[in-house]
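Reading the structure
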Amino acid sequence: IPQADIIVTTTGNRDIVTGKHFKMMKDKAIVCNIGHFDTEIDMAWLNTHYGHTKDTIKPQVDKYTLEGKDLIVLAEGRLVNLGCATGHPSFVMSNSFCNQILAQLEIWQNVDKYEIKSISCPNTSMRRWLACTWASSEPNLTNSQMYKRVISASRKKGLSSPSIIGISSREMSLFSSVVGG
């Protein structure tokens, strides 16, 4: 911890960063949480002992001074991907969930096609994600309008143009419900 410029908790567990860790951090260290809960960073300890030094730089960015060192805490130790995301947080999360489901479906349906390693989503999943995003954000789009937008966005992203999107009405219903459509 003493050498780290940025500390990001990702575990979903309790007390990952506690008072002893805060005291070890170097000047201008940035601390944030992207785990599943807001219990990873002991903000109660920080606010009890050093809350009087808290200076809000801008919304969701606070500076605390501990023994002459400034620490930057993002999103008050809560989920940084929600607290500091640009755009509407529920839309950000909806897109994330949609993309995760599409990736899971792709792997489930084509398990023999993939090695166990980090991979990029195939073009078909990206096109499905684009279609689902538009289906939820603009529910009045016709299938034809959605198809044209997906083709256009696919080309802008350098994806090969599909001859067919390949989304069943069952999949579209599932994805629309996930992304709030």
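The structure reproduced in this document is the subject of the present report. Throughout this description, residue numbers start from 1 for each chain and increase along the sequence as written. The predicted origin of the model limits local features to residues at a pLDDT of at least 70 and limits the giving and counting of side-chain atom pairs to 80 or more, whereas totals for whole chains, interfaces and linings rest on all residues. Processing note: side-chain calculations cover all non-hydrogen atoms of the structure and skip hydrogens and water entirely.

Our next topic: the pairing of strand S3 (residues 55–58). Only when DSSP finds a minimum of two bridges between them are two strands counted as paired. Each helix is a run of DSSP H or I of at least 4 residues and each strand a run of E of at least 2, with the numbering of both proceeding from the N terminus. As judged from the 3 bridges shared by S3 and strand S4 (residues 61–66), these two strands associate in the antiparallel manner. Note on S4: the bridge partner recorded for Asp55 is Lys63.

The strand order across the open sheet built from 5 strands is S1-S2-S5-S4-S3, with neighbouring strands paired in mixed fashion. At either end of the open sheet lies a strand with only one pairing partner, and these are strand S1 (6–9) and S3. Shown here is a sheet whose adjacent strand axes are inclined to one another by a mean of 25°, direction ignored. Whether two residues are in contact is decided by their heavy atoms: any pair within 4.5 Å suffices. For helices, the axis comes from a line fit to the C-alpha atoms of the stretch in contact; other axes are also lines fit to C-alpha atoms, and the angle between any two N-to-C directions lies between 0 and 180 degrees. Against the sheet, helix H2 (residues 43–50) contacts S4 and strand S5 (69–74), and its axis sits at roughly 60° relative to S4.

The subject of this paragraph is the packing of aromatic side chains. Centres within 6.5 Å are what make two rings of Phe, Tyr or Trp a pair, Trp counting through its six-membered ring; a difference in plane orientation under 30 degrees is then read as stacked, over 60 as edge-to-face, and the rest as tilted. The final tally for this structure, using the stated rule, is 2 aromatic pairs. Where Phe22 meets Trp45, the ring centres are 5.9 Å apart and the plane angle is 5°; that geometry is what we call stacked. Taken together, the residues span a long stretch of sequence, with Phe22 in helix H1 (residues 19–24) and Trp45 in helix H2 at a distance of 23 residues. The residues Phe22 and Trp45 share a single accessibility class, namely buried. Grouped by ring-pair contacts, the aromatic residues Phe22, Trp45 and Tyr50 constitute a single cluster. Each residue is assigned to one of three classes by its accessible area relative to the maximum for its type, calculated with a 1.4 Å probe on protein chains only: buried under 20%, partly exposed between the two thresholds, exposed over 50%.

With respect to the element layout, Asn33 can be found in strand S2 (residues 29–33). In this structure, Asn33 is in contact with Thr9, Asp38, Glu40, Ile41, Gly77, Arg78, Leu79 and Val80, ignoring residues within four places of it in sequence.

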